[in-house]
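Summary of the model geometry
The chain contents come next:
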Amino acid sequence: MEYGNSHSKRYHRSSLFTCLISLFFSLVGKDQLAFSAAGKWVPWEDRYPFIREASSFSSSSNNANNNKAYDYIIVGGGTAGCPLAATLSQKFSVLLLERGGVPFANANVSFMQNFHIALADTSPSSASQYFVSTDGVFNSRARVLGGGTCINAGFYTRAGPSYIKKAGWDSKLVNESYPWIEKQIVHRPNLAPWQRAVRDSLLEIGISPFNGFTYDHIYGTKVGGTIFDRFGRRHTAAELLASANPKKLDVLVHATVQKIDFDTSGKKPRAVGVIFKDENGNQHKAFLSKRKGSEIIVSSGAIGSPHILMLSGIGPKAELEKLNIPVVLDNKFVGQGMSDNPLNTIFVPTNRHVEQSLIQTVGITKAGVYIEASSGFGQSGDSIRCNHGVASAEIGQLSTIPPKQRTFEAIEAYRRSKKNIPHELFRGGFILEKIATPLSRGNISLVTTNADDNPSITFNYFSHPRDLKRCVDGIRIVEKIAKSKHFTNYTQCDKETLDKLLNMSVQANVNLIPKHTNNTQSLEQFCKDTVITIWHYHGGCHVGKVIAPDYRVLGVHRLRVIDGSTFEESPGTNPQATVMMMGRYMGVKILRERLGRTAGL
């Protein structure tokens, strides 16, 4: 579903703030800005001189027999790829390939006020690539240097000790890697009133103890970190590249990798380079150094990494042959075991102005669900035309589109028609409940051989009965919060019955799943009807099936996968902290394995 540039411009024009920011950047022109570590404005080109457009790459000067071949080629400059590249560049030459642009001069990325606009922008240049899973749930993939840290809700929290142990990671190195991230881009939030009300209500209903402000993942109620600073500015994984050795790192943006190239003359296929397309559509090839230890590392995320492996000939043989992709390695597990943490929300109206807030407070329950909150993203013309997940402003409005007529075009027309709806109808916020470790599994499969096209993605939400039971438990917790003394005192509304709140939510057009608006007595049906994503999908390249414990791809030489596609479950309440940590952790581990004590890290 592509709306084109005119759609994006409508969003920009409707927000005076965004217009002023855009005007500022246009006046600055080529001297677009980024923040230095000291908080001062500097041109981002000066801070990151190694970032350039993919078209500047010269294939003719890069071949396996000269010094321009790279020790490491990283496919994907996202949440894991940026810290990984910064770390490996300390000792070796690194090429980082990112299919999107830079985040530094993008107002939709940089400012919390524009969080929902970035998700709603489906133009080709957007930092967010829109897709709908076969389940009928709207979703987004990052398409920008910095990856998901550029379009997410910003919440930062570590994985628990049991997760670290289960992953087989060195806890000492893990505890060194998290602070490396935190010192550069993580902040303590200024707790918004809605977040305080949810925090107090969680404690009132027994989600205790109160653990205060902490990055740690522990039962009870807590306030976590954020990558938004006190001015509402987002700090992304791309800023971790400031820690790189600029003499050993090349970062190419708008470089869409088409496939990994292999030498298949030996007993096992050996990765030798990557073929990528630049912003003008011209094709290039980057070569891997022949030096022992050199590797290609795929860090393209839970969707991108299995997608690239399959396009490169590693995956289920029958599926590859169906699209005439030469089979390099038959592995039926590539793209399998995909999972997404299902999210269900209740909209709670208020009689007062609500300050915008993204996730700051979380209730970590022993029922296997996490309770979070967001507020204030329904009070602008932009929000009224947005239907993406936690920022949805469709809540409270009857869907006028019958289920069988919910085409993309019809939904877009419906969103446009709402521009004259009074903003007061959207005043309030959301209480969110997310399943912690879903057992339901799906898969991705190829649709075309075009790397720009999304594969077919299925999550099979609530196909496992335990997931559905936990969702019901979570909705009952949300009901208690909505009726708690602290929360009703804050909202200053008459106590809403659960059925009324459920009806407001189930009638919202938050997904393409047929609704059962006469059956809100069934919390099971409510869960199924109103499921959305919180963008924590993972899997597709699992350890023991696609990769070894050291993240090397099974059955081939000189190829690893390092990102959330390797996860069996999403770490902590929100995964970004652990994905960034993983990039740093594996970078240090690889250097130490290759250099020993001389690594100096």
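Residues numbered from 1 in each chain as written. Predicted model: local features only at pLDDT ≥ 70, side-chain atom pairs only at ≥ 80, totals over all residues. Heavy atoms only, no water.

As annotated in an unreviewed UniProt entry, the protein is Protein HOTHEAD-like isoform X1 from Nicotiana tabacum.

Thoughts on the overall build of the protein
Secondary structure assignment for the protein yields 18 helices and 27 strands. Accessible surface computed for the protein: about 22,900 Å², of which carbon and sulfur atoms make up 50%. (Helix = DSSP H or I, 4+ residues; strand = E, 2+ residues; numbered from the N terminus. Areas by Shrake-Rupley, 256 points an atom, 1.4 Å probe, with all protein chains shown as cover.)

A few points about the nonpolar core
Counting residues in hydrophobic clusters, the biggest one holds 128 residues, and the most contacted among them are W169, L241, I260, V274, F276 and L559. The element contributing the most residues to this core is helix α18 (residues 576-595), with 10 residues. Grouped together as the second largest cluster of nonpolar side chains are 24 residues, V109, C150, I359 and V362 included. (Core = buried A, V, L, I, M, F, W, Y, C linked by side-chain atoms within 4.5 Å. Buried < 20%, exposed > 50% of the residue type's maximum accessible area, 1.4 Å probe, protein only.)

A short note on the state of the cysteines
Across all of its chains, the model carries 1 disulfide by this definition. Between the sulfur of C471 and that of C527 lies a disulfide, 2.1 Å long from S to S. Disulfide C471-C527: torsion about the S-S bond near -100°, hence left-handed. Taken together, the positions of C471 in helix α14 (residues 465-483) and C527 in helix α17 (residues 523-529) put the pair 56 residues apart, joining distant regions of the chain. Classification of C527 by relative accessible area gives buried; the value is 0%. Sulfur of C82: no disulfide; nearest cysteine sulfur belongs to C150 and is 7.9 Å away. (Disulfide = S-S within 2.5 Å.)

A few points about the sheet that holds strand β13 (residues 256-263)
Read from one edge of the open sheet, 3 strands run β13-β14-β15, paired in antiparallel fashion. In this open sheet, the two edge strands, each paired with only one partner strand, are β13 and β15 (283-287). Direction aside, the axes of adjacent strands within the sheet are offset by 25° on average. For β13 and strand β14 (residues 270-277), the ladder comprises 7 bridges, and the chain directions are antiparallel. Directly across from V257, in β14, lies its bridge partner F276. (Pairing = 2+ DSSP bridges. Axes fitted to C-alpha atoms, helices over the stretch in contact; angles between N-to-C directions.)

Some words on the pairing of strand β22 (residues 369-375)
The buried count for β22 comes to 7 of 7 residues, which makes it a mostly enclosed element. Residues V369, I371, A373 and S375 line one face of β22 and the alternating positions Y370, E372 and S374 line the opposite face, and both faces are buried. The hairpin formed by strand β21 (residues 361-364) and β22 contains 4 residues between the paired strands, and G368 there has a positive phi angle of roughly 85°.

Quick notes on the pattern of salt bridges
Scanning the entire structure with this criterion turns up 17 salt bridges. Of the charged contacts in the structure, one is a salt bridge between R552 and E295, with a shortest N-O distance of 3.2 Å. One end of the pair, R552, is in the loop between β26 (532-533) and β27 (559-561); the other, E295, is in strand β16 (residues 295-298), and 257 residues separate them in sequence. Classification of R552 as partly exposed rests on a relative accessible area of 35%. Residue E295 is classed as buried on the basis of its relative accessible area of 4%. Here R552 makes a salt bridge to D550, at a shortest N to O gap of 2.7 Å. Each of E295, D550, R552, R560 and E593 takes part in one network of salt bridges that share partners. (Salt bridge = Lys/Arg side-chain N within 4 Å of Asp/Glu carboxyl O.)

Focus: the confidence of the model for the protein
Close inspection of predicted coordinates is inappropriate for parts of the model with low pLDDT. Confidence in the prediction for the protein averages 84 pLDDT; 78% of positions are at 70 or higher. In this model residues 61-67 is a low-confidence stretch, pLDDT under 50, and it forms 13 contacts with partners more than four residues away in sequence or in other chains. Across residues 418-425, where pLDDT falls below 50, the model places 14 contacts with residues more than four positions away in sequence or in other chains. (pLDDT = per-residue confidence, 0-100. Contact = heavy atoms within 4.5 Å.)

Quick word on the packing of helix α4 (residues 81-88) against α18
At their nearest, the axes of α4 and α18 sit 7 Å apart, and the two run at 25° to each other. When the axes of α4 and α18 are compared, the pair comes out roughly parallel. Between α4 and α18 lies a crossing whose hand is right-handed. Residues P83, L84, T87 and L88 of α4 form the contact with α18, whose own contacting residues are M580, G583, R584, M586, G587, V588, I590 and L591. Broken down by class, the residue content of the contact of α4 with α18 amounts to 8 nonpolar, 3 polar and 1 charged. (Parallel < 35°, antiparallel > 145°, perpendicular 65-115°, else oblique. Left-handed = near helix turned anticlockwise from the far one by under 90°. Nonpolar A, V, L, I, M, F, W, Y, C, P; charged D, E, K, R; others polar.)

Comments concerning α14
A rise of 1.5 Å per residue sets the reference length of α14, with its 19 residues, at 27 Å; its end C-alpha atoms lie 28 Å apart and thus fit the reference within 8%. The complete set of buried residues in α14 reads D467, L468, R470, C471, V472, G474, I475, I477, V478, I481 and A482. (Expected span 1.5 Å × (residues − 1).)

Considering α18
Over its 20 residues, α18 extends 29 Å from the first C-alpha to the last, a length consistent with the 28 Å expected when each residue adds 1.5 Å. When you tally the buried positions in α18, you get 15 out of 20 residues, the bulk of the element. Immediately beyond the C-terminal end of α18, within one or two residues, lies G596, with a positive phi of roughly 65°.

Describing the sheet that holds strand β23 (residues 428-435)
The strand order across the open sheet built from 7 strands is β9-β10-β21-β22-β23-β20-β26, with neighbouring strands paired in mixed fashion. In the strand order of this sheet, the two ends are held by β9 (210-213) and β26, each with one partner. Where strand β10 (residues 220-223) lies against β21, 4 bridges are found, and the strand directions are antiparallel. In the strand pairing of β21, T221 is matched with G363. The sheet contacts of helix α9 (residues 193-204) involve β9, β10, β20 (342-349), β21, β22 and β23, and relative to β22 the element is tilted by about 150°.

A short note on the side chain of E98
For E98, the location among the structural elements is in strand β5 (residues 94-98). Here the side chain of E98 touches V144 through a polar contact of 3.3 Å, landing on its backbone nitrogen. Once residues lying within four places of it in the same chain are set aside, the contact partners of E98 are G76, G77, G78, R143, V144, L145, L252, V253, H254 and A255. (Polar contact = N/O pair within 3.5 Å; in protein donor to acceptor, adjacent residues only side chain to side chain.)

Focus on the layout of surface pockets
Its volume calculated, the second largest pocket comes out at about 440 Å³. Taken together, 23 residues line the second largest pocket, and the ones lying closest to its centre are S162, H217, Y219, Y370 and T437. Those elements giving two or more residues to the lining of the second largest pocket turn out to be α7 (161-167), β22 and α14. (1 Å grid on protein atoms, 1.4 Å probe; cavity = no way out; pocket = protein on both sides within 12 Å on 5 of 7 lines; lining within 4 Å. Points joined across faces, edges and corners; volume = space filled by probe spheres on them.)

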